[in-house]
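# Tertiary structure, described
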Amino acid sequence: MDNLVSLAYGFSQAMTPINIAWAFLGCFVGTAIGVLPGIGPALTIAVLLPITAQVPASAAFIFFAGIYYGAGYGGSTTSILLNIPGESSTVITAIEGHQMALNGRAGPALATAAIGSFVAGTIGTVALTVFGPLVAQIGLKFGPTEMFAIMIFAFMTSAAVLGNSMLRGLASLGIGLSLGIVGVDLQTGQSRLTFGVPELLDGIDVIMVAVALFAVAETLHTALLWRPDGVTVIKPQGAMWLTRRDWQRSWKPWLRGAAVGFPLGALPLGGGEIPTFVSYALEKRLSKRPDKFGRGAIEGVAGPEAANNAAGAGVLVPMLTLGLPTSTTAALLLTAFQNYGIQPGPFLFATQGPLIWTLIASLYIGNVILLVLNLPLISLWVRILRIPPHHFFAGVLIFVTIGVYGISGSIFDVALLYLIGGIGLVMRRYGFPPAPVIIGLVLGPLLEQSFRQSIAIGQGDPGVFLSRPIACALLVVALIIPILIGIMSLINWIKQPPVGVDSGS
Amino acid sequence: MINRRNMLLATAAVFGTAQLTAPRQTFAQDSVFDRFSLFVPSGVGGGWDGVARAIDQVGRKAGLLSQVTIDNVPGAGGTVGLPLFINQHRGRDSSLMIAGNVMMAAIITNKTPYGLQDVTPVARLTQEASVIAVGASSPYQTIDDLVDALKKNPGLPIGGGSAGGIDHIILGLTLKAIGADVTKANYVAFSEKAQAMASMMENQVHAALSGYSEYAEQIRAGNLRALATTGELPLEGAGVPTLKQIGIDVALTSWRGVFAPPEVSEEQVARLVGLITAVHDQPDWKQILKDRQWDDAFATGPDLKAAIANDRAAIQTALKAIGLA
C-alpha cells in the first residue's frame, strides 16, 4: 500500500505541466533518435548530460526516461521500413517486420510494434513499481562479497553483448577494462596509469568514452566511408490499422514478450538483444505455423518488440536498487544521478523517494505519450529518415565537442575525446563492438573494488566468498548458466539454422 | 546597473534590522566586493561547493558581495583545481578558494609540486567529526573493546571512505597511538555508503569510520552503534566519548575553509577576513549551519595557521605510517 501512496505522489509531481512538457520532449527526441540508425539512447543521453547542471533532477530524469523509452519505440520503425536495426535490440524486428513491409503490411507491423511496446512497457513499469522496492530491501544485505558475485554473474552471462565475433567482443571488453584502471586506486590511494597527468587521477570519464565511441567514431566513419547507396524506405501503404485477426495473433505475444522481457532485463544479463531473441524463439515454438516465421509473421514482431520494452523497464531495477548498470544507457543514467550527488543503491527509495516515484510515474505517462506520438505521426518519422546522414552527423560532432569542453573547460579532455574517437573509428571499421568497452569501463572498477574489499574483509582468505550463502549461490549459478546457454544454443543450432540465415531474400 | 543598485539597497533595507545588532555595522557601503570570484576545486553538489554557494547566498543577501561567479574545477581531491587557482588568480584581491584538510591529504598522496602553503589562509568555517561505529549485532560494546581487539590484531578489517582520506588517516593515527603496527592496518575503502552499511550490519568489517552525519540516521534507528567520535570535544547528542577522552591522543575533524590567492597584500587579506567574518555573523549563515548540520569551526589569523600546521603534521605522519607518503 505504501508503494501505491508513493506512486500517487509521483504522479502528482510528474503531471505538472512543466514535467509533462519534459516527458513529451524526451519522448519526441527519443523516438527521433531511435528512428535514426547509428544514434541510440546512450549517445543521446551522454550528449545531453550537461543539462543536469541546469535543470532540477526530476525534470532531467523525466526527460531522460522519455528518451530511454522513446528509443525503444523509434527503433522498430527503422527496422521495419529500412531493414536497418535502429538499435541492436531491434535486430529481430528488422527481420520479421521488414518482411511484413515487403508484403505490403508495413502498417500492421508498425502498429503491433507500437501497441506491443505500450502494453509491455506498461507491464514492465508495473513490475518495476512492485519489485524495485523489494529488490532494494534485499540489496541492503549486499556487501562487497555479494556485489562481487553478482557482477561475476553479469559478466559470465553477458556474452551476447560481445556481438557476433566473440574474439572482437572480448578485445573491446579488454579495452574498457584497461581504461577503467586509469586513475587513483580507490583501495590504496595510489595512482595508476596516469603518467603524471593530474586530469587522469580521477580516471577516464565514462560519458566521454561513450560520446567518443558512439558520436565521434560514428561521424568519422560516416564521413570517411559513407556511400549514398540508395537505401530505399518502404512507404507504408494499405491498411494502417490492425485487423481483428492481427489483434488475435498479437495480444498473446505481447503478454509473453513482457513476461520474458522484464525478468531478463532485470537480471544483470547485459544487452537488450537477449530478451528479443528469447521471445522470438518462444513465439516460433508456440506458433501453429512456424514456417511463416522469417516471411513476415506478425507474432515475430509483436513478441520481440514487447520483450524489448519490458526489458527496458527491467534494466532499471538493478540500476536503481543496487547501483549496478547492466547496459550502456543504464551506465549513463547512473552517471546522471551522480551528477546530482545521488548514489543509486538500496537506500535510493528511502532517501530519494519523491524523485524516484516521480521518475517511475513519468515512465507510465511516457508510455502513453509514445503510443500517441508513434502511431499517427508515422509519416513524420519516416521523413526524418530522409535527412542526409552527413549533415546530421556534422552537427552532432560540433555539438559533442562543445559539450565536452563545456563540462570540464579542459583542452585535455577534448584531445582525449578525439583520441578515443579515433580508436573508435578503427574499431568501427573492423567490426569491434563499442558496447563492451563501456560495460568494461563501468563494471571493471566495481568488480575490482568489490573483490579487493572482500579479500580485505577475509583478511586475505578467498574462502570469504564461499562463507556467505548469497554470494556462494550466485557464483555457482554464474558458473552453470554459461554452460547451460552453450548447450542450449548447440541444440538449437543442430535443430535449425541460426535466425537470420534465411532472411536475406 | 541602477536597478541592481536599487535591488541591493532594498535588500539592505529589508535586513537592516538584523544588521543593527550584528558587529558588521562597521562594514561600510564602499567595501562591497564587486565581481567576486569563488573558486571550487571540486564538482557541483559536493561539500566545498555547498560552502561556496552558502557564502554566495548569504553574502549577496547581506549586500556584502555583488556579481559573484562560482567556478568548479573538479578532480583528484582538489589538486587539479589548486594550480589553476594559484596561477590564474594570483594577486587578485576578490577571489577565494574553498578547500579543507582533505585537500592536504590529496596533495601529499598525489605528490603535487604545490600545496596549501602556496595560497593564503583566510578562515576556517565548518568542520565535521568522524564517528567510529559498528553494526548493532557487533560484539564490540564500547570503544575500549574495539581498541583491545585492534591491539591484539591490527589487521582487523576496518571500513571507511576513500583511501588516503580523513577516515583512513584517523585509523592510522589511532593504531599508532595505541602502539599497534600501522603497516598491518587493513582498511577497506567504500565509495558507496550502502556497501559500507551492509558490511557493518553483517559484521563483515569489524568497525567503520565516516563523517558523523552520514551515519547519524542509522545510529538513531539502532542499526548502527556509535563507539567514539574524533573531535576535540564530544559530539552533542552522540552520547559517546572522544578518542582523547579514553586516552588516545588523536583529534582530527574534516574541516572546510576559504583561502585567498598568493601575492595578496596584508591589507587585502584583512579585508577578506572582514568579509568572511561578516558573512559568518549573519543570522542567515547560522540558519544554514543549523539546516545542514554543519559544525561551526570559525577561526582566522594565528589560530587558523596553528590549526593548519597541526593538521598537516598529523596527516603527514599518518600517511607515512600507512605507506601513502
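Quick notes on the rules
Residues numbered from 1 in each chain as written. Chains lettered and ligands numbered in written order. Predicted model: local features only at pLDDT ≥ 70, side-chain atom pairs only at ≥ 80, totals over all residues. UniProt positions renumbered as here; feature names shortened; annotations may be inferred. Helix = DSSP H or I, 4+ residues; strand = E, 2+ residues; numbered from the N terminus. Buried ≥ 20, exposed ≤ 12 C-beta atoms within 10 Å, placed from the backbone. Contact = placed C-beta atoms within 7 Å. Rg over C-alpha atoms; globule rule 2.2 N^0.38 Å. Nonpolar A, V, L, I, M, F, W, Y, C, P; charged D, E, K, R; others polar. Pairing = 2+ DSSP bridges. Core = buried A, V, L, I, M, F, W, Y, C linked by C-beta atoms within 7 Å. Domains from an automatic or database assignment. Right-handed = clockwise from strand over helix to strand, strands pointing away. pLDDT = per-residue confidence, 0-100. Expected span 1.5 Å × (residues − 1). Arc of directions from axis to C-beta.

In the nomenclature of an unreviewed UniProt entry, chain B corresponds to Tripartite tricarboxylate transporter substrate binding protein from the organism Mesorhizobium zhangyense. Its UniProt record gives chain B a comment under Sequence similarities (unreviewed entry), which states: "Belongs to the UPF0065 (bug) family."

Under the annotation held in an unreviewed UniProt entry, chain A carries the name Tripartite tricarboxylate transporter permease and is attributed to Mesorhizobium zhangyense.

### Side note on the overall build of chain B
The number of helices and strands found in chain B is twelve helices and twelve strands. Expressed as a percentage of the 325 residues in chain B, the buried residues total 47%. Once local pairs closer than 6 in sequence are excluded, the contacts in chain B between residues at least 24 apart make up 78%.

### Details of the overall build of chain A
When helices and strands are counted, chain A shows 21 helices and two strands. In terms of overall size, chain A behaves like a compact globule, its C-alpha atoms giving a radius of gyration of 22 Å where 505 residues would be expected to give roughly 23 Å. Dimensions of chain A, computed from C-alpha atoms along their principal axes, come out at roughly 65 × 50 × 50 Å. When burial is assessed residue by residue, chain A has 56% of its 505 residues classed as buried. Taking the intrachain contacts of chain A between residues at least 6 apart in sequence as the baseline, contacts between residues at least 24 apart amount to 81%.

### What to know about the interface of chain B and chain A
The partner chain A presents 28 residues to the 27 residues of chain B that form the contact. Examining the composition of the side of chain B that touches chain A, we find that five residues originate from one element, helix α8 (residues 193–201) of chain B, more than from any other. By residue class, the composition of the side of chain B that touches chain A is eleven nonpolar, 13 polar and three charged.

### What about the pairing of strand β11 (residues 253–260) of chain B?
Residues and elements named next belong to chain B. For β11, a buried count of eight out of eight residues is recorded, marking the element as mostly surrounded by other parts of the structure. Burial of β11 is two-sided: the residues T253, W255, G257 and F259 facing one way and the residues S254, R256, V258 and A260 facing the other way are all buried. Across four bridges, the pairing between strand β5 (residues 95–100) and β11 is antiparallel. Paired with M97 across the strands is F259, a residue of β11. As defined by bridge partners, strand β6 (residues 120–135) adjoins β11 across eight bridges and the pair is classed as antiparallel.

### Section: the nonpolar core
Residues V209, A210 and V211 of chain A together with A133 of chain B are the most contacted members of the largest nonpolar core, which totals 253 residues. Among the elements that make up this core, the one with the highest residue count is helix α4 (residues 57–82) of chain A (15 residues). Among the domains, domain 1 (2–127 + 254–320) and domain 2 (128–252) of chain B are the pair contributing at least three residues each to this core. Residues within four places of V211 of chain A in sequence aside, it is in contact with L43, A46, V47, V216, V400, V404 and L417 of chain A.

### Some remarks on the pairing of strand β7 (residues 157–160) of chain B
Residue and element names in this part refer to chain B. Here β7 shows two buried faces, one formed by P157 and G159 and the other by I158 and G160. Once the chain exits β7 it traverses helix α7 (residues 166–177) before rejoining the sheet at strand β8 (residues 186–189), and the crossover so formed is right-handed. As defined by bridge partners, β7 adjoins strand β9 (residues 207–211) across two bridges and the pair is classed as parallel. Along β9, the bridge assignment pairs G159 with A208.

### Thoughts on the domain arrangement of chain B
Residues and elements named next belong to chain B. The domain boundaries assigned to chain B delineate domain 1 (2–127 + 254–320) and domain 2 (128–252). Each side of the interface is counted separately: domain 1 has eleven residues, and domain 2 has ten residues. Where the side of domain 1 that touches domain 2 is concerned, the elements lending two or more residues are α5 (101–109) and α12 (301–322). Here the side of domain 1 that touches domain 2 gets four residues from one element, more than from any other, and that element is α12.

### A closer look at the confidence of the model for chain A
Here chain A averages 82 in pLDDT, while 90% of its residues score no lower than 70. Note that pLDDT drops below 50 for residues 500–505 of chain A; the model gives that stretch four contacts with residues more than four away or on any other chain.

### Brief notes about the environment of A111 of chain A
All names here are of chain A. Counting through the fold element by element, A111 comes out in helix α6 (residues 106–139). Since 25 C-beta atoms lie within 10 Å of it, A111 is described here as buried. A C-alpha to C-alpha distance of 17 Å links A111 and C27, two positions 84 residues apart in sequence.

### Some points on helix α11 (residues 273–286) of chain A
Helix length check: α11 of chain A (14 residues) gives 20 Å between terminal C-alpha atoms against 20 Å at 1.5 Å per residue, within 8%. Structurally, α11 of chain A contributes buried residues whose contacts are with α5 (91–102), α10 (244–266) and α12 (299–322) of chain A.

### What about unusual backbone geometry?
Excluding glycine, residues mostly have negative phi values, and the peptide bonds linking residues are mostly trans. Despite not being glycine, L193 of chain A shows a phi value in the positive range, around 50 degrees. Looking at the element boundaries, L193 of chain A is found in the loop between β2 (191–192) and α9 (206–225). Its identity as a non-glycine residue notwithstanding, N203 of chain B has a phi of 55 degrees, on the positive side. In this structure, N203 of chain B sits in the loop between α8 and β9. N203 of chain B sits in the partly exposed class, given 17 other C-beta atoms within 10 Å.

### Structural notes on the confidence of the model for chain B
The pLDDT averaged across chain B works out to 81; a share of 89% of its residues lies at or above 70. Prediction confidence for the complex, expressed as pTM and ipTM, is 0.75 and 0.71 respectively.

### Re helix α6 (residues 143–152) of chain B
Residue and element names in this part refer to chain B. Those residues of α6 lying buried are I143, L146, V147 and L150. Projection of α6 onto a plane perpendicular to its axis shows the buried side chains occupying an angular sector of 100 degrees, all on one side. Among the exposed residues of α6, those oriented more than 90 degrees off its buried face are D148 and K152. Turning to α6, the residues buried within the fold contact β6, α7, β9 and β10 (224–229).

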